[in-house]
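Chain and residue survey
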Amino acid sequence: MRFLVIDDSRAIRSLIIRMLKELGHQHAEAGNGREALDIIANNGPFDAALVDWNMPVMTGIQFVEAARAKPELAGMQIMMITTETEVERIQQALALGATEYLMKPFTREAFADKLAMMGLDKAA
Amino acid sequence: MLEISQEDIAAIVSLVFTTTLDVEVEAAEGPPPSGGEVASSLVGITGNWDGAVIVACERALAVRFARAMFGISDEEVGESDINDALGELVNMIGGNLKSMLPPPCHLSLPTVVAGREYRVRLPGAKVVRELDFAANGARLRIAIAERAAA
Ligand SMILES: [Mg+2]
């Protein structure tokens, strides 16, 4: 599977990418929503985007809105990976078209479980 | 008034460290030793509660945190790696604390500061919680500063 990892923290991107590699997946990375849209335009499509909420330039929730406005990205699943853990935030993200939600901090097991729930557990 | 208890804060810090670093944190007695290099990071919270969450730790612990997140050795850890990892550390702690505050509240992007002090002064805000921990033999301090309601 091809994943796009979107987080302003290089540390979190690095952590997630290591987990993806261990699971046999491919990846690209972006530091904010804007960069992610550019990468999708040039290198898309991706099977799933893993998106942080709080980022400069374009936040994760703005990215979800922008991605869901593009019919050609309808097949891309979106998992929010964030410290924004209030119920209202989760509902907002899901209402705008996010597929799944994972709270930071997370374990390898929790991460792999979520991918499996999304049907994204098959290696690339 | 901040309604988050010391126990709540300790539980969140412990969760972040065990999950990300696989390291147990324990409460530490007395102030941390002075004179060493201290790395601090801060996130602001605005909205129904106004203030900041500050994480200050010995540089050695910051290096370890960066090493675990980037999956590299101590020698490979650079200054920008430490800043990035510490920023995410306070983002995770601050974000989880925010979920216990009356909504709506918003989290700022993190800021990292280097120095020799465990205390960061925030004009107009008062430190309402200060907890000292030890992790892997290094000291860590979490402070919550509250801005008086206007
Ligand atoms: Mg972020």
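On a predicted model such as this, the values are computed, not experimentally measured, just so you know.

The helix and strand tally for chain A stands at 5 helices and 5 strands. When the elements of chain A are put in sequence order from the N terminus, they spell out β-α-β-α-β-α-β-α-β-α. Relative to a compact globule of 124 residues, whose C-alpha radius of gyration would be 14 Å, chain A shows 13 Å and is just as compact. Taken along the three principal axes of its C-alpha coordinates, chain A extends 35 × 30 × 25 Å.

In this section: the side chain of D7 of chain A. Of note, D7 of chain A is situated in the loop between β1 (2-6) and α1 (10-22). One polar contact links the side chain of D7 of chain A to the main-chain amide nitrogen of S9 of chain A, over a distance of 2.9 Å. Separated by 2.9 Å, the side chains of D7 of chain A and K104 of chain A make a polar contact. Leaving out residues up to four positions away in the same chain, D7 of chain A has contacts with I12, R13, A30, G31, D52, M55 and K104 of chain A together with E88 of chain B.

This next bit is on helix α3 (residues 60-68) of chain A. Residues and elements named next belong to chain A. If you check which residues of α3 are buried, you get G60, I61, F63, V64 and A67. Here the buried residues of α3 occupy an arc of 155° about the axis, which is enough to place them on one side. Against the buried residues of α3 lie β1, α2 (33-43), β3 (48-51), β4 (77-82) and α4 (87-95).

Summarising the model, chain B shows a mean pLDDT of 92, and 99% of its residues fall at 70 or more. Predicted complex, confidence summary: ipTM 0.92, pTM 0.94.

Of the pockets and cavities examined, the largest pocket occupies roughly 190 Å³. Along its surface, the largest pocket is lined by 14 residues, and D8 and S9 of chain A together with D84, G87 and P110 of chain B are the ones closest to its centre. Broken down by element, the residue count for the lining of the largest pocket peaks at 5 residues, all from helix α3 (residues 79-98) of chain B. When its volume is computed, the second largest pocket comes out at roughly 160 Å³. Lining the second largest pocket, in full, are I12, L15, R18, M19, P105, F106, T107, R108 and E109 of chain A together with T19, T20 and M92 of chain B. At the level of elements, α1 and α5 (108-117) of chain A together with α1 (6-21) of chain B are the ones that each hand at least two residues to the lining of the second largest pocket. A total of 4 residues in the lining of the second largest pocket trace back to one element, the largest contributor, which is α1 of chain A. The residue makeup of the lining of the second largest pocket, split by class, is 6 nonpolar, 3 polar and 3 charged.

Rules and cut-offs
- Residues numbered from 1 in each chain as written.
- Chains lettered and ligands numbered in written order.
- Predicted model: local features only at pLDDT ≥ 70, side-chain atom pairs only at ≥ 80, totals over all residues.
- Heavy atoms only, no water.
- Helix = DSSP H or I, 4+ residues; strand = E, 2+ residues; numbered from the N terminus.
- Rg over C-alpha atoms; globule rule 2.2 N^0.38 Å.
- Polar contact = N/O pair within 3.5 Å; in protein donor to acceptor, adjacent residues only side chain to side chain.
- Contact = heavy atoms within 4.5 Å.
- Buried < 20%, exposed > 50% of the residue type's maximum accessible area, 1.4 Å probe, protein only.
- Arc of directions from axis to C-beta.
- pLDDT = per-residue confidence, 0-100.
- 1 Å grid on protein atoms, 1.4 Å probe; cavity = no way out; pocket = protein on both sides within 12 Å on 5 of 7 lines; lining within 4 Å.
- Points joined across faces, edges and corners; volume = space filled by probe spheres on them.
- Nonpolar A, V, L, I, M, F, W, Y, C, P; charged D, E, K, R; others polar.

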